[in-house]
Structures are given as C-alpha cells and as structure tokens.
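Observations on chain architecture
Single-letter residue listing:
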Amino acid sequence: MAIDSSERLVNLALYLSRDRSFSTIDDIRFGVEGYDREGSTEAFERMFEHDKDNLRAAGLTIQVDEATQGYRIDPALSFASEIALEPREAAMIRAVGGLILADEEFPLKRDLRLALAKIGSSIGGLDALAKAVPSASSDSADPRVAVFEDAINRSKHVTFVYAKPDGSTDERTLEPYGLARFAGAWYVVGYDRMRENIRMFKIDRASDVAVNPRLPKSEDFERPAEFDVADHLGLEFQFGIEGPHQVELRVEPGAARIVRRFMERSGSLHEEEGGLLVWRVEVTDTAALIRWVIANGPGIEILSPPRLVESLRSALDRVEVSHGSSELG
Amino acid sequence: MARPSSAEAAKRMLALIALLEDEARVPLSRIATTLGVSEKVAAREVERLSCCGIDGYLMMPVYLDGDTVEVFNDLPGLTRPIRLSGNEARALVAALSAAGVDDDDPLLLKLLEASAVAPPSAEEVSAVLRLDAADTETAELLKGLSLAIERGHVISIVHRSRSGEDITRVVEPWHLLRWDGTFYLQGYCRRVGALRTFRVDRILELQVLEERIPTRDIPPATVALDTKGMPLARVRLESGTTLADLRWPEARTVAEGGDGTVVEVPFGTPAWLARQIVSLGGRATVLEPASLRDAVAQVARAEKAALTEG
C-alpha cells in the first residue's frame, strides 16, 4: 500500500540511523517502508536520490561507504552536541525567538521554528515560545520579500518591474545579493544587469517579481565574497536627491545610546571631552535629517553646515507658530 | 517523488522526535505552536509519525490521546536532536542579530558550533540578510530582562525619558514586546503606580533585584503595543505627508481634504507624540487636545534654545 511520502522520509531516516552499519541500496529498497519494490530500478533510484536531498535539507548528513556502496546517517555530523547556555542566554533565545516568530515580516519563519524546535532541549523547553507575545509587526508579510529571499539563497536572477519615484516604470534583471529591512521597509541589493552596477531597490516598488525558473538547481551567479548588504544601506536621510551635504552632528552621551546603531553604519565618529560624540555624515534629504534629529532627541544637535542649522531653526519656528496658544495654525 | 509539502512535513516530524524524547506526555497545543502549524495538522503529523518505524516493526511508540501526545516507550532512533540545516542556522542567526546579538557574541558561536551542519559564520549571514538591528547593549539588556521576567524578579532601571531626563524606576517586568523592529519592556512601574511600556534601547542601566514580583493579575500581552484606552490626538497633516510614512501605531485617517488630512493618533505619553509632531517641522499640527499643543510648543522652544546655546 502506498504510504505518504513524508512517512517514507522519516522511515528512511530511522533506517539509516538505526545502527552503525552501512545499508546497500537494495537493503534500503526492501527495508524501508514506502518504496516501490516491484517497479523499475530507475524510478526507485530517482526517488531515493530525491529523498536523500530532502534528508540533507533537514540537517542529516548521509555518509557513503565507497567499498560497499552503502549508506548510513553519520551520527557525529548529524546530531547536535549539548549546548552549554547560561540561564540568561537561554531565556533570551526563548523570548526573542517567540517575538520574531510573531513578526509577520520575518522571512525565515519556517526555518526559525524548526531551528528552535531542534535546540528546544538546550534552551530549556519551549513553553515560553508557545506563550509567544502576539503580533509585533505593523504590517502583514509582503510575499515579494520571500521571493527575493529564495532567489538570494539559491543565487538565481530575478526579473521585476520597478516603479521609479517619478511614476515611470522600468524592467529590471537583478542578481540579488542581499536583503535588508529598516525604517519599516524592505530593500534588496544586487547586481543590476542592465545598469551593470550594484543597486538597491525598495521592494514595495517592485511588481511582477519572477525568479528565473530555468535550471533551478544550478546557480546563475556568484555573490562577490566581500559583499555586505550593510555597505549599501543608507540611513533615512540618505535617500534624497540633494547635495550630498557633509553634515556634522553633536550627540550627548545619553542620546548616543539610542542612536549608536545608526552612527556606526555610516560616516565617521569622534569622541570629544565629556563623552560628547561628533558624527560626520553624508545627507541627501535635509527634511528627513531634521525629522531624525528631533525624533531621536533631545541631545542631538546639528553643528554644520550653518544653512542646515537655519533650516532647523525655521522648522522649529513654524511649529511654534502653529502651536501658539492664541489660535489654531 | 516527495512534493515540497511532504518534505516540509518530514522536516517537522524529524524535529518533533527530538521534542518528544524528554517527556512522556506533551500537549498537542505546544507541538502545534512550536512547529507553527494548526493543531489539526500537528495531530495528523503525530499520527503519521506513529506509523513510522524500521522494517515495518520497531514503530514510533507515540500515540495521540485527545489533545495530548503520549510517548510510551523508548524511541527507535533519532533520539538526539538533529543538527540545524544551513537554512535553519541562518534563520536563528538572523533572529538573534535582530535583537542586537553581535556577529562575534559567544552565544552565537556556541549555538552554531554545537548545532549546525557546516555552520555558517554569523558575518556570512548578516552580509546577506539584515533586519533593523538593535545594538549590542540592547542584546545584553534583553538577556537580563528575559530572565527577570521568567523568574519573576523586580528590576530597577535607569530610563531616559522622551524629554531627555534619566529617571530611576523600580519596575515589575511582565512582557517583552517588539514593534516595527524595536524592543519594548512592558511592566508595572512603581514610580507611577501603573502599567508602562519602555523602549529597551532607552534603558541605560538594569539591576535585577532579589525581590519577587508580588502576585498581581498580570494580563497577557495581547497586542504588541496595545493602544486601547489611550487618549486620542487629532492631528492635521499637510498634503504630501502620509500616515504610512509616519508609522504611528494604530493611527487612522478621519477626514481628507484638499489641504491635507486629519488623523487620529493614540498616544501613551504626550512627550512621544509631541516630539514626532515637532520633527515634522510644521507639516503636522495638533488640533486637540490643547495640552498636547502646549507640549509641542514646549519641545519646539527647548530645541530652539539648544540651538542658540550651540
């Protein structure tokens, strides 16, 4: 009787790990419940090859004995050793794992769940995960992110239609290298074949996203070894079309804790006496910079250029006028 | 040939075996939540698993008793946790990096070396996938906060308020939350005698006290940032400024006109919304309440004063 192929895979895993001996392909065909014992050998072999791939994808390492052409699951490479975690590390993995799983936008949720299930005994049970704090995201998942993620993972090129800020559209062919999310949006960075350059695209502006369907098992390109998606990320005020302006900001120690992660990503940072930090950074959108400075303040001050200090001053004037006590602005 | 869904089911069943080894009775609900499937799917997979075995005998000694999975004998194989596949290791690293765990944090190294097949380096992972990452100080705080919450210890924190003051608060920590990539601590603040939500990256110091949290009725965190019962502000946005760009939790448009839109914004602390309004440099105006209008004017004056001093 035909059994479900997921059962056959589990049977195969159990069979290959049952003792330390190697099993020949015939042992497997007749020992593992779920293989067709009467059909053609070619069909069985194709199925077995495919099953081995699936077991590998599940984290099992299959060892082949050259002499006997036998197979077994290599215990040392297949089973995790004990992970010695401090109580606070285990507690953090439970808490953060639960929170990220509750984030609709996290593109690797399925794999994260399996990872947490596998290390479950090392992190001291999964009850905290099961109690996971619900929805932590502001939006529902964008399916295009998963498409790009898959293409990056398999090194397949992607075609899509990209809407430019001016409203016109462009067809693009991209070798996607990396994916990033910040300030609530997803971005993909990769080699644009037509522009012959590395470019960044905002994923919510892409439509008709399609992964190259040809030769799904072979890679279309090789990602440069030194590639780091962080090198291509801008900050909120680096997506404009002005300047660029070289801006100098002074950050008090109390505020620095809040914005350090931004400061470390771009520009240069110098510490002055009293723990004051001076940050020199490139800006292409001054309105966005002003917004950033105030929203993350107090304790962040624009030192130069003077023109930008004046823009900030007049922005603050406008706010004061429109919120004066006399009447509504 | 196994369809992708069968391969996924097999992956879950294999991960499930490791979950079963420690306990004789496991609630089905926990299995479902852990594997991210419905209880119906979990039940089907447990039942399939109970049909698996070696050579048609030595079956998995597992059966489903209502909503509990019973393991009644030694498992025939795969009793040790299976190593993480490349994709699983990648997902784990990406999740922990989002919490500020650094590429060379010993925690990541320990996890990967012990549990992954051909462990990817954390640098490799973060080179291709990066979420709004927290800073490393936040990661350290999250470790301490998670444990304090689980063990029910009262904490003392120094928290930087939106108005820039550093205030020491004794807090009974209840939950960690995450919204829009940022981590929050929710708990009962003894200083104000009420529930408060604190951004973790605004906590400057954390001290876990010996004292246990007294039995209070701790409500489950139902929404990441629960805006129910918060006061509402009415704000006019100039045309060209859209709510989607602002990412104010649960804000909604109530009127649209030629010269802009009027939106309703729930706010927990006036200091937060006041700063948001000021940051828009005149493109947003608070219509009501009057107290928030005053708070906005005050933030604008304070920022201007700081400019003049500089």
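Residues numbered from 1 in each chain as written. Chains lettered and ligands numbered in written order. Predicted model: local features only at pLDDT ≥ 70, side-chain atom pairs only at ≥ 80, totals over all residues. Heavy atoms only, no water.

Quick look at the overall build of chain B now. Helix and strand content of chain B: ten helices and 15 strands. For 310 residues, the compact-globule formula gives about 19 Å, and the C-alpha radius of gyration of chain B, at 25 Å, lies well above that figure. In terms of its C-alpha atoms, chain B occupies a principal-axis envelope of roughly 80 × 50 × 40 Å. Each of the 310 residues in chain B was classed as buried or not, and the buried ones make up 57%. Across chain B, every contact between residues at least 6 apart in sequence was considered, and the portion connecting residues at least 24 apart equals 54%. Working note: accessible area of chain B is about 13100 Å², and carbon and sulfur atoms make up 49% of it. (Helix = DSSP H or I, 4+ residues; strand = E, 2+ residues; numbered from the N terminus. Rg over C-alpha atoms; globule rule 2.2 N^0.38 Å. Buried < 20%, exposed > 50% of the residue type's maximum accessible area, 1.4 Å probe, protein only. Contact = heavy atoms within 4.5 Å. Areas by Shrake-Rupley, 256 points an atom, 1.4 Å probe, with all protein chains shown as cover.)

Another aspect to go through is the overall build of chain A. Helix and strand content of chain A: eleven helices and eleven strands. Taken over the C-alpha atoms alone, chain A extends approximately 90 × 50 × 40 Å along its principal axes. When contacts within chain A are restricted to residue pairs at least 6 apart in sequence, those whose partners lie at least 24 apart make up 58%. Entry remark: accessible area of chain A is about 14900 Å², with carbon and sulfur atoms responsible for 48%. Within chain A, the 57 negative side-chain charges are centred at a point lying 1 Å from the centre of the 40 positive side-chain charges. (Lys, Arg positive; Asp, Glu negative; His and termini not counted. Charge placed at Lys NZ, Arg CZ, Asp CG, Glu CD.)

All names here are of chain A. In strand S2 (residues 70-73), alternate side chains face the same way, and those of Gly70 and Arg72 on one face and Tyr71 and Ile73 on the other are all buried. As defined by bridge partners, strand S1 (residues 62-65) adjoins S2 across four bridges and the pair is classed as antiparallel. Bridged to Val64 within S2 is Tyr71. Linking S1 back to S2 in an antiparallel pair, the connection comprises four residues, with Gln69 at a positive phi of about 55°. (Pairing = 2+ DSSP bridges.)

Often, the extent of an interface is quoted as the loss of accessible area upon association of its parts. In this complex, chain A contributes 123 residues to the contact, which on the side of chain B involves 127 residues. Here chain A is connected to chain B by 16 salt bridges. Taking the shortest distance from any N to any O, the salt bridge between A:Glu149 and B:Arg90 comes out at 2.8 Å. Of the residues assigned to the side of chain A that touches chain B, the class counts are 66 nonpolar, 25 polar and 32 charged. (Salt bridge = Lys/Arg side-chain N within 4 Å of Asp/Glu carboxyl O. Nonpolar A, V, L, I, M, F, W, Y, C, P; charged D, E, K, R; others polar.)

One way to put it is that helix H5 (residues 87-101) of chain A packs onto helix H4 (residues 86-98) of chain B with a least axis distance of 10 Å and a crossing angle of 95°. The angle between H5(A) and H4(B) places the two elements in the roughly perpendicular class. Between H5(A), through A:Met92, A:Ile93, A:Val96 and A:Ile100, and H4(B), the contact on the second element is made entirely by B:Ala95, B:Leu96 and B:Ala98. Its residues assigned to classes, the contact of H5(A) with H4(B) comprises seven nonpolar, no polar and no charged. (Axes fitted to C-alpha atoms, helices over the stretch in contact; angles between N-to-C directions. Parallel < 35°, antiparallel > 145°, perpendicular 65-115°, else oblique.)

With that settled, consider the packing of H5(A) against helix H7 (residues 136-151) of chain B. Put simply, H5(A) and H7(B) touch, their axes get as near as 8 Å, and they point 90° apart. As far as their axial angle goes, H7(B) and H5(A) are roughly perpendicular. When H5(A) is examined against H7(B), the residues A:Pro87, A:Arg88, A:Glu89, A:Ala91, A:Met92, A:Arg94, A:Ala95 and A:Val96 are found in contact with a partner set consisting of B:Ala139, B:Glu140, B:Leu142, B:Lys143, B:Gly144, B:Ser146, B:Leu147, B:Glu150 and B:Arg151. Taken together, the residues that form the contact of H5(A) with H7(B) break down as eight nonpolar, two polar and seven charged.

Residue and element names in this part refer to chain A. Counting across every chain of the model gives 14 aromatic pairs over all chains. Ring centres of Tyr177 and Phe221 lie 5.8 Å apart, and the angle between their planes is 55°; on these two criteria the pair is classed as tilted. With a gap of 44 residues between them, Tyr177 in strand S4 (residues 169-182) and Phe221 in the loop between strand S7 (206-211) and strand S8 (245-251) connect regions that are remote in the sequence. The two residues Tyr177 and Phe221 agree in class, both being buried. Ring centres of Phe262 and Trp292 lie 5.6 Å apart, and the angle between their planes is 90°; this geometry places the pair in the edge-to-face category. With Phe262 in helix H9 (residues 253-263) and Trp292 in helix H10 (residues 286-295), this residue pair connects regions lying 30 residues apart in the sequence. An identical accessibility class is assigned to Phe262 and Trp292; each is buried. An aromatic cluster of at least three residues, connected via ring pairs, comprises Tyr35, Phe44, Phe48 and Tyr71. Looking at Arg18, its charged tip hangs above the ring of Tyr15, at a distance of 3.9 Å from the centre. (Phe/Tyr/Trp six-rings, centres within 6.5 Å; stacked < 30°, edge-to-face > 60°. Lys NZ or Arg CZ within 6 Å of the ring centre and 35° of its normal.)

Residues and elements named next belong to chain A. Pairing in this open sheet of four strands is antiparallel, and the strands run S9-S10-S8-S11 from one edge to the other. Only two strands of the sheet have a single neighbouring strand rather than two, namely strand S9 (268-271) and strand S11 (300-304). Looking at each pair of strands side by side, their axes are set apart by 30° on average, direction ignored. Of the strand pairs in this sheet, S8 and strand S10 (residues 277-283) are connected by seven bridges, and their pairing is antiparallel.

Residues and elements named next belong to chain A. Taken across its seven residues, S8 has five buried, putting it largely inside the fold. Summarising the sheet, S8 and S11 pair through four bridges and their orientation is antiparallel. Across the sheet, residue Val251 finds its bridge partner in S11, namely Ile300.

Right, let's talk about unusual backbone geometry for a bit. All names here are of chain A. With an omega of 5°, the peptide bond running from Ser304 to Pro305 counts as cis. Summarising the element assignment, Pro305 is placed in the loop between S11 and helix H11 (306-322). In the Ramachandran plot, Glu196 falls in the positive-phi region, its phi being about 50° despite a non-glycine side chain. Of note, Glu196 is situated in the loop between strand S5 (185-192) and strand S6 (197-202). Look at Glu196 and you get exposed, because its relative accessible area is 60%.

A side chain of one charge can pair with a side chain of the opposite charge if their charged atoms are brought near each other. Tallied over the full model, the rule gives 47 salt bridges over all chains. Here A:Lys52 ties to A:Glu49 by a salt bridge, and the two come within 3.0 Å at their closest N and O atoms. With A:Lys52 and A:Glu49 both in helix H3 (residues 41-57) and three residues apart, this pair spans about one turn of that helix. Take A:Lys52: its relative accessible area is 5%, and that puts it in the buried class. One connected set of salt bridges, linked through shared partners, spans A:Glu86, A:Arg88, B:Asp105, B:Glu140 and B:Lys143.

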